[in-house]
Amino acid sequence: MVVTNYLWRPILGAVVDAVAPGGLLVYETFAAGNERLGRPTNPDFLLRRNELLELALAHDLVVLAFEDVEVELPRPDVVQRIAA
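The shown structure was predicted, so the numbers you read here are calculated from the model rather than taken from an experiment.

Pairing is possible between side chains that carry opposite charge, provided their charged atoms lie close to one another. Enumeration over the complete set of coordinates arrives at 7 salt bridges. The salt bridge involving Asp-77 is made with Arg-75; its shortest N-O contact spans 3.0 Å. With a relative accessible area of 8%, Asp-77 lands in the buried category. Put simply, Arg-9, Arg-48 and Glu-51 are held in one network by salt bridges that share partners.

What follows is the structure in structure tokens.
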């Protein structure tokens, strides 16, 4: 399952649960801190620190990679990324 630039917390658990056994979740979206750089600015659409990591671990996924970083390209953003 691949999710990019999307966050709707009411379905986050269902998204993770939809990963088939042996499947892969690749998720990247905006994180807290992005509000100082541009949109989105609403905290409802910004991941909290380590939120994707904690979600994956809570659903017993094996985390292959995780980042909570500020990027410059293609534009300045704060993002979280996970492969699990």
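With that out of the way, let us pick up the environment of Val-26. Inspection of the secondary structure puts Val-26 in strand E2 (residues 26–30). Taking the relative accessible area as the measure of exposure, Val-26 reaches 33% and is therefore partly exposed. Expressed as a C-alpha distance, the spacing of Val-26 and Phe-66, which sit 40 residues apart in the sequence, is 9.9 Å. Contact partners of Val-26, with chain neighbours within four places excluded, come to Met-1, Val-2, Val-3 and Ile-82.

Attention now moves to the confidence of the model for the chain. The predicted model of the chain averages 96 in pLDDT, with 100% of residues at 70 or higher. Looking across the chain, the model is least confident in helix H1 (residues 12–17), with a mean pLDDT of 94, and most confident in E2, with 98.

This paragraph deals with the pairing of strand E3 (residues 65–71). As paired strands, E3 and strand E4 (residues 77–83) are joined by 7 bridges and run antiparallel to one another. Note that in E4 the partner of Phe-66 across the bridge is Ile-82. Taking the residues between adjacent antiparallel strands as the criterion, E3 and E4 are bridged by 5 residues.

This next bit is on a nonpolar patch on the surface. A grouping of Val-2, Leu-24, Val-26, Val-62 and Leu-64 is seen on the molecular surface, where their side chains present a nonpolar patch of about 480 Å² in accessible area. Following the sequence through the fold, Val-2 ends up in strand E1 (residues 2–4). Looking at Val-2, the relative accessible area reads 62%, which means it is exposed.

Rules behind the numbers
- Residues numbered from 1 in each chain as written.
- Predicted model: local features only at pLDDT ≥ 70, side-chain atom pairs only at ≥ 80, totals over all residues.
- Heavy atoms only, no water.
- Salt bridge = Lys/Arg side-chain N within 4 Å of Asp/Glu carboxyl O.
- Buried < 20%, exposed > 50% of the residue type's maximum accessible area, 1.4 Å probe, protein only.
- Helix = DSSP H or I, 4+ residues; strand = E, 2+ residues; numbered from the N terminus.
- Contact = heavy atoms within 4.5 Å.
- pLDDT = per-residue confidence, 0-100.
- Pairing = 2+ DSSP bridges.
- Patch = residues over 30% accessible without salt bridge, like charges linked within 9 Å, V, L, I, M, F, W, Y side chains within 5 Å.
- Areas by Shrake-Rupley, 256 points an atom, 1.4 Å probe, with all protein chains shown as cover.

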